[in-house]
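# Structural overview for review
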Amino acid sequence: MSQEQSHLLLPADSAWLALERPDNPMTITVMLRVEGLTAPRLRAFLKDYWVAWERFLHRPVERMPGWWWERDPGFDVRHHLDVAIDRFTRDELQDWVSARLNQPLPLFRPMWKFWLAPNAEGGAAVLLRMHHCYADGLSLMSIFDRLCPPSPRQPPAIYGAPENGDFARWTGAAQSWLERLVPTPVDQTAPAGDEDPAPQASSSVEQAGQWLEQFAQRGLKLVNEVTDFLVEPEDSPSDLRRPLLGRRHCRWSEPVPLDRFRNIANATNVTINDVLLGCVAAAVRPRLGLGAEDLEEAVLHAAVPVDIRHRLPEELVPEPGELGNYFGTVFVPLPVDGESPLERLYRIKQETRRLKKSWQPGLAWGLTASASLIPEPLRHPVADTFYRKASAVVSNVPGTREARYLAGCPITEQMFWVPQAGSIGLGVSIVSYAGQVQFGVVADESVMADPSAFLDDCLLELDRFPAGS
């Protein structure tokens, strides 16, 4: 196979293949409710626009010295779209989506697939499942933003991207970035000719002192960040930390106006994200299975994905529309022992402010990217050590402020689920779109048999906040 048809995956992409396990597949799921969308319209949309991203024509193949993108010579859009003509009620649709989440993607084709339920109650439902090695959530949202214009008569203007596979450029830029994190020693060679050595020596001593000071400051910060990351306590044993069964259920809430969250945030002097995490903390609390005394000492973290694109050097920042994985993870302590909504909210505010200033997202990105370099017998023990620090994954995916159209049909709802690496069995998704917010949850059956009540508790917490009703 030619070089144009086969090339290495970047470490941040291949990591998700290395973290794959049968009871916890590393797949992202997107669901859109699209009024009036038909199978011919969606098929034409995929053929004309979706596969303009060349990566979607490739499948990951493992061979030495790692994972490679290999073009599928028999690619056909028809292999990547199934249509269900059932007239699903809302409850039946949620069961149908759950069943798709438990359906493995074939390894012999590009690892993504669409499903369409055109006759579902409330409008057609479009479901996409894709392996995380292709892209992170923000990359996928960027694609849909490009392909779904704000007018039904406006076709996508700019879309698609070639799959370059410039592995050498990326690794060179990464090495250069790491070198810049620690200042380079100054050149202290002797002066040439008849120059007076005294000023030169004085200058060199001064520069060396500055370098040593910078080195110490950055080195100390790095040591502190790594130490804080490693010594962060693991989560307490609870009903959320059970061996996974590999059978997952998903549910999503009705849309809630974004203004409700904004009003609470303004009234309490916090961010909207703090309010969202407060709702999750309230819903998690009664599901730990802990008594009052144990609850006071309980430790529980949420693994929260954080976009690091703006933290990368210019050489590593992806081009607009480029696919890839560019996020780290912070482990946010959830105050499940807090007795009131305001106490939980302000404690979350304190933790999120602290983590915003840390290097933890970048460190987590680097550790995740190294997963494919770790020998397989050690890979899962190392990953479990990393992910034992959290009992849930909480993702916050921002959508567009205005309504969008897919193939000329209005998108009324947008939902998103991310995978839960290691032994984490609970994932909570918060998605904003067109002035509304929806909560979604996906849970392993051993952790939560019916996630609907969890969503109800998330929304019930809103009524307990000032200005929340």
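Just so it is clear, the structure is predicted and the values come from calculations on it, not from any experiment. (Residues numbered from 1 in each chain as written. Predicted model: local features only at pLDDT ≥ 70, side-chain atom pairs only at ≥ 80, totals over all residues. Heavy atoms only, no water.)

A separate point is the overall build of the chain. Along its length, the chain carries 13 helices and 16 strands. Burial analysis of the chain (469 residues in total) assigns 50% to the buried set. When contacts within the chain are restricted to residue pairs at least 6 apart in sequence, those whose partners lie at least 24 apart make up 79%. When the accessible surface of the chain is summed, it comes to about 21,700 Å², and 54% of that surface belongs to carbon and sulfur atoms. (Helix = DSSP H or I, 4+ residues; strand = E, 2+ residues; numbered from the N terminus. Buried < 20%, exposed > 50% of the residue type's maximum accessible area, 1.4 Å probe, protein only. Contact = heavy atoms within 4.5 Å. Areas by Shrake-Rupley, 256 points an atom, 1.4 Å probe, with all protein chains shown as cover.)

Another aspect to go through is unusual backbone geometry. One non-glycine residue, Ala407, adopts positive backbone phi at about 55°. Along the chain, Ala407 falls in the loop between strand 13 (405-406) and strand 14 (409-417). On the basis of relative accessibility, which here comes to 25%, the residue Ala407 falls in the partly exposed class. In this structure, Ala434 takes a positive phi of about 50° despite not being glycine.

Right, let's talk about the pattern of salt bridges for a bit. Scanning the entire structure with this criterion turns up 23 salt bridges. The salt bridge partner of Arg55 is Asp13, with a shortest N-O separation of 3.4 Å. Within this pair, whereas Arg55 is found in the loop between helix 2 (39-48) and strand 3 (58-63), its partner Asp13 is found in helix 1 (residues 11-18), the two being separated by 42 residues in sequence. For the pair shown, Arg55 and Asp13 are each scored as buried. Notably, a salt bridge pairs Asp136 with Arg309, separated by 3.0 Å at the nearest N-O pair. Highlighted residues: Asp136 in the loop between strand 7 (124-131) and helix 4 (137-147) and Arg309 in the loop between strand 10 (301-307) and strand 11 (327-333), separated in sequence by 173 residues. Of the two residues, Asp136 and Arg309, neither departs from the other in class, the shared state being buried. Shared partners join several salt bridges into a network, and the residues in it are Asp13, Arg55 and Glu163. (Salt bridge = Lys/Arg side-chain N within 4 Å of Asp/Glu carboxyl O.)

Moving on: helix 11 (residues 360-369). Taking burial as the measure, the 10 residues of helix 11 include seven buried ones, the bulk of the element. Listed as buried for helix 11 are Gln360, Pro361, Leu363, Ala364, Trp365, Thr368 and Ala369.

Next up on the list: the sheet that holds strand 6 (residues 112-117). On the basis of which strands lie adjacent, the open sheet formed by six strands has the order 5-6-7-2-14-13 and mixed pairing. Strands with a single pairing partner mark the edges of an open sheet, and in this sheet they are strand 5 (81-83) and strand 13. As paired strands, strand 13 and strand 14 are joined by two bridges and run antiparallel to one another. Counted as the bridge partner of Tyr405 is Pro410 from strand 14. Of the strands in this sheet, strand 2 (27-34), strand 6, strand 7 and strand 14 touch helix 3 (residues 90-101), which is tilted by about 20° from strand 7. (Pairing = 2+ DSSP bridges. Axes fitted to C-alpha atoms, helices over the stretch in contact; angles between N-to-C directions.)

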